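Per-entry structural report
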Amino acid sequence: MNDTAQRPALPDRLSIDPRSPHYDAAIFEHDIGIKLNDKEFNNVSEYCISEGWIKIPAGRALDRKGNPMLTKLKGRVEPFYR
């Protein structure tokens, strides 16, 4: 149970893209889960609690730079440590 004391607090906005200003490597050292409207998602690319949205990949579609196309889903966002 000492592991919970050493985990950083989850921010309001977080992205898995290292080029994003909302990326935080220290948080990704731990396993994170995201719930949107009480449904758990495991493929979230970015989330924002205050604005109430998550971004997930839209199938296999890629943009011209090779990054996955993202779809924004809105609702009540709940990040948590697993």
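An account of the accompanying structure is given in this report. One numbering rule holds for all chains: residues counted from 1, following each sequence as written. Only residues with pLDDT of 70 or above have their local features reported here, since the model is predicted, and side-chain atom pairs are shown and tallied only from 80 upward, although totals for entire chains, interfaces and linings are computed over all residues. The basis for every side-chain value is the complete set of heavy atoms in the structure, and neither hydrogens nor water enter the calculation.

Notes on the packing of aromatic side chains
As a reminder of what qualifies: Within 6.5 Å between ring centres, the rings of Phe, Tyr and Trp (the latter by its six-membered ring) count as paired, and their orientation is classed by plane angle as stacked under 30 degrees, edge-to-face over 60, tilted in between. We call a charge positioned above a ring when the Lys NZ or Arg CZ atom is no farther than 6 Å from the ring centre and deviates by at most 35 degrees from the ring normal.
Counted under the stated rule, the structure contains one aromatic pair. Relative to Phe28, the ring of Tyr23 has its centre 5.6 Å away and its plane inclined at 25°; by these criteria the two rings are stacked. The ring of Trp53 carries Lys55 above its face, with NZ or CZ at 5.3 Å from the centroid.

Examining the nonpolar core
Convention followed: What is meant by a nonpolar core is a set of buried Ala, Val, Leu, Ile, Met, Phe, Trp, Tyr and Cys residues, joined one to another through side-chain atoms within 4.5 Å. Relative accessibility decides the category of a residue: with a 1.4 Å probe and only protein chains considered, values under 20% of the type maximum give buried, values over 50% give exposed, and everything between is partly exposed. Each helix is a run of H or I in the DSSP string that is no shorter than four residues. Each strand is a run of E no shorter than two, and both are numbered from the N terminus. Contact definition: two residues touch when any of their heavy atoms are within 4.5 Å.
Counting 12 residues, the largest nonpolar core consists of Leu14, Ile27, Ile32, Ile34, Leu36, Phe41, Val44, Tyr47, Ile54, Ile56, Val77 and Tyr81. Looking at this core, the elements that each hand over two or more residues are strand S2 (32–36), strand S5 (53–62) and strand S7 (77–81). Among the elements that line this core, the one with the most residues is S2, at three residues. Residues in contact with Ile32, not counting those within four places in the same chain, are Leu10, Leu14, Ile27, Phe80, Tyr81 and Arg82.

Observations regarding the sheet that holds strand S3 (residues 39–41)
How we decide: In short, DSSP must find at least two bridges between two strands for them to pair. To get an axis, a line is fitted to the C-alpha atoms, and for a helix only the part in contact is used. The angle between two axes follows their N-to-C directions and goes from 0 to 180 degrees.
Strands sit in the order S3-S2-S7 across an open sheet of three strands; the sheet is antiparallel. Among the strands making up the open sheet, the edge pair consists of S3 and S7. Ignoring which end each strand starts from, the neighbouring axes of this sheet average 30° apart. Two strands pair when backbone bridges link them, and S2 and S3 are joined in this way by three bridges, in the antiparallel orientation. In the strand pairing of S3, Ile34 is matched with Phe41.

A closer look at the pattern of salt bridges
Here is the rule we go by: Salt bridges are defined as contacts in which a side-chain nitrogen from Lys or Arg sits within 4 Å of a carboxyl oxygen from Asp or Glu.
Tallied over the full model, the rule gives six salt bridges. Close ionic contact of Arg19 with Asp17 constitutes a salt bridge, the shortest N to O distance being 3.3 Å. In this structure Arg19 comes out as exposed when scored by relative accessible area, which is 61%. For Asp17, a relative accessible area of 29% translates into the label partly exposed. Close ionic contact of Arg76 with Glu78 constitutes a salt bridge, the shortest N to O distance being 3.0 Å.

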